[in-house]
Amino acid sequence: MCEPTGDHTQKPGNGLHYLIAFLCFAIVALALASGKINQRQRAIEQQYHGIQQMQRGPQGASADTNVDSENAPQAISTRPLMWLLVAPLVVAWLLLLWRRYRSIRNASHSE
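I will try to describe carefully the structure that is included in this document. All figures in this text were calculated on a predicted structure; none of them were measured in a lab.

## Side note on helix α1 (residues 14-56)
- Taking 1.5 Å as the rise per residue, α1 with 43 residues should run 63 Å; its terminal C-alpha atoms sit 59 Å apart, in good agreement.
- The largest bend in α1 amounts to roughly 45 degrees and is located at A33.
- Within α1, burial applies to L16, I20, L23, A26, I27, L30, S34, N38, Q41 and E45.
- Packed against the buried residues of α1 are α2 (79-110).
- Once α1 finishes, G57 follows within two positions and takes phi at roughly 80 degrees, a positive value.

## Here's the deal with the packing of α1 against α2
- The interhelical angle for the contact between α1 and α2, taken along N-to-C directions, is 155 degrees, at an axis separation of 9 Å. By the criterion of interaxial angle, the relationship of α1 to α2 is roughly antiparallel. Seen from above, α1 lies across α2 with left-handed handedness. On α2, the residues touching L16, H17, L19, I20, L23, C24, A26, I27, L30 and A31 of α1 are L81, M82, L85, V86, P88, L89, A92, W93, L95, L96, R99 and R100.

## Looking at the packing of aromatic side chains
- Tallied over the entire structure, the rule returns zero aromatic pairs.
- Positioned above the aromatic ring of W98 is the side chain of R102, whose terminal nitrogen or guanidinium carbon lies 4.6 Å from the ring centre.

## As for the environment of T78
- Considering the arrangement of structural elements, one finds T78 in the loop between α1 and α2.
- Apart from residues lying up to four places away in sequence, T78 is in contact with L30, S34, I37 and N38.

About the cut-offs
- Residues numbered from 1 in each chain as written.
- Predicted model: local features only at pLDDT ≥ 70, side-chain atom pairs only at ≥ 80, totals over all residues.
- Heavy atoms only, no water.
- Helix = DSSP H or I, 4+ residues; strand = E, 2+ residues; numbered from the N terminus.
- Expected span 1.5 Å × (residues − 1).
- Bend = angle between axes of the 7 residues up to and from the residue.
- Buried < 20%, exposed > 50% of the residue type's maximum accessible area, 1.4 Å probe, protein only.
- Contact = heavy atoms within 4.5 Å.
- Axes fitted to C-alpha atoms, helices over the stretch in contact; angles between N-to-C directions.
- Parallel < 35°, antiparallel > 145°, perpendicular 65-115°, else oblique.
- Left-handed = near helix turned anticlockwise from the far one by under 90°.
- Phe/Tyr/Trp six-rings, centres within 6.5 Å; stacked < 30°, edge-to-face > 60°.
- Lys NZ or Arg CZ within 6 Å of the ring centre and 35° of its normal.

Rendered as structure tokens:
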């Protein structure tokens, strides 16, 4: 059987390293996929606007409804999801820095 050793000292913020790594990976993956996601979302919105225009018929079509849908802003984007990942990443970094600063300060005072 394995006997436990007395060296179980963990560095402060060890779990934060995993959180930071996961969030960085998620942000990079989202950044790489966002181009394809935005392209697909643009196509879906163009379909939706086309169906709406067909349902209105020729009497519902006016100069205002024929706006170029390429230049129209997207209703759904990946930006909120990106901010949802960046905010905890910043908080995790700040917590990690604070814990390290606190452990260094405590180590210097104990000497």
